[in-house]
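Notes for the structure review
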Amino acid sequence: MSTFPTTKLWAAIAAAASLTLVSPSLAEYPDRPIRVVVPYGPGGVDLQMRAMVPALSKLLGQQVFVENRDGGGATIGTMAVKNAPADGYTLLFTGTSALAVVPQMVKDVAYSADDFSPIGNVTGTPLAIAVRANAPYRTLEELLAFAKANPGKINMGSSGSGTTTHMVGEAFQMEAGVEFTHIPYKGVGAAVQAVMGGFADIVFGVPGAIAPQERAGKLRVLATMGPQRNNFFPDAPTLVEKGIDKTEVTKFGLFAPRATPAAVQQKLVRAVEQVVRSQEFDDTMRKGYTNALYLSPDELAAAVKEEYDYWKKMLQSPRFDSVMNR
């Protein structure tokens, strides 16, 4: 009797055995809590991720928890995730700018977007341009006319040198052909307060920071920076409508270390998509003047690349010398 079938049988058994040594961790993922690092301080961006936690934990069958690791312009928390084991138990929730812009601006940053695998985008909210309610310029056209007639006399408050609110304001000046005087503050909330108090004249910020004061009659929104009108400020025109080719939609998404197994990534992708596309999450975000915006991993990667390419060109301008290589 030939032993060939028996040889094949043992080979098949050995192959199956080798698979069982590899696959259980993937098949059972997750089998312990999942940590999501947010590289910003508490009470801001982390609230978006925290709003996802209950539904995401239920779908994955394990507790998801958020850890704030701020500092270094988002670099400290980002590096912590890059250096974590690529097993799906440490993830990064961050703005696309932290991966697309910060590595181009901050000296000796030891990471790039290539070190992370996109899981899915969660929110995307166009910035708004606001001034005091009693400012002498009631429209964007009036603001630009005043700025051109009085170079440097409009004080632009921002959440800090090199932050999104600062960089976008500088890009706006380049596109509109005007000059403001930049005044950095510690956070967008402080910049908004400065505008209301008369210490600054204009601020570029997310609706969550501006809308409550606009609703209270303390700020006026002159324009928004999305490709279409902002649902939180439907009467305000977009910059594109006014002939200024500048859009800025702040996107925040979930990323994993690059070497995370594909099967683990796919479980996370499916869960994130289901949560972000849910009506409950959308309603929760809208209450905080934020828009839920799901983008697939490929779409999120493309968004990061587009932002990287835009700022690579813009940062060649001497206007940004003061914030480069900090």
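**Focus: the sheet that holds strand β11 (residues 292–295)**
If you trace the six strands from one edge of the open sheet to the other, you get β2-β1-β3-β10-β4-β11, paired in mixed fashion. Taken across any chain shown, the strands that pair with only one partner, and hence form the sheet edges, are β2 (64–68) and β11. Shown here is a sheet whose adjacent strand axes are inclined to one another by a mean of 25 degrees, direction ignored. Pairing between strand β1 (residues 34–38) and β2: five bridges, direction parallel. Across the sheet, residue R35 finds its bridge partner in β2, namely F65.

**Let's talk about the packing of aromatic side chains**
As enumerated under the stated definition, the model contains 10 aromatic pairs in all. Look at F93 and F252: their rings are 6.3 Å apart centre to centre, the planes differ by 25 degrees, and that puts the pair in the stacked class. On the criterion of sequence distance, the pair formed by F93 in strand β3 (residues 90–95) and F252 in strand β10 (residues 249–257) is long-range, its members being 159 residues apart. Per residue, the accessibility class of F93 equals that of F252, and both read buried. In textbook terms, an aromatic cluster arises when at least three aromatic residues are bridged by ring pairs, as seen for Y40, F93 and F252.

**Describing the pattern of salt bridges**
Going through the model one piece at a time under the given rule, you end up with 14 salt bridges. As a salt-bridge pair, E273 and R277 come within 2.9 Å of each other at their nearest N and O atoms. The exposure class of R277 is exposed, given its relative accessible area of 55%. Between K305 and D309 there is a salt bridge, with the nearest N and O atoms lying 2.7 Å from each other. Note that K305 and D309 are positioned in helix α13 (residues 297–314) at a spacing of four residues, about one turn of the helix. D309 sits in the partly exposed class, given a relative accessible area of 36%. Look at the salt bridges and you will find they share partners, linking D31, R32 and D87 into a network.

**Examining the nonpolar core**
The biggest cluster of nonpolar side chains holds 30 residues, and the ones touching the most others in it are M49, M52, L56, V64, F93, L254 and V272. The set of elements that each furnish at least two residues to this core consists of β1, α3 (46–60), β2, β3, β4 (116–126), β10, α11 (262–276) and α12 (279–287). Looking at this core element by element, the count peaks at seven residues for α11. If near-sequence neighbours (up to four positions away) are discounted, M49 is found in contact with V36, V38, L56, V64, V66, F93 and L254. By size, the runner-up hydrophobic cluster in this structure holds 23 residues, among which are L127, I129, F204 and L222.

Reading the values: the criteria
- Residues numbered from 1 in each chain as written.
- Predicted model: local features only at pLDDT ≥ 70, side-chain atom pairs only at ≥ 80, totals over all residues.
- Heavy atoms only, no water.
- Pairing = 2+ DSSP bridges.
- Helix = DSSP H or I, 4+ residues; strand = E, 2+ residues; numbered from the N terminus.
- Axes fitted to C-alpha atoms, helices over the stretch in contact; angles between N-to-C directions.
- Phe/Tyr/Trp six-rings, centres within 6.5 Å; stacked < 30°, edge-to-face > 60°.
- Buried < 20%, exposed > 50% of the residue type's maximum accessible area, 1.4 Å probe, protein only.
- Salt bridge = Lys/Arg side-chain N within 4 Å of Asp/Glu carboxyl O.
- Core = buried A, V, L, I, M, F, W, Y, C linked by side-chain atoms within 4.5 Å.
- Contact = heavy atoms within 4.5 Å.

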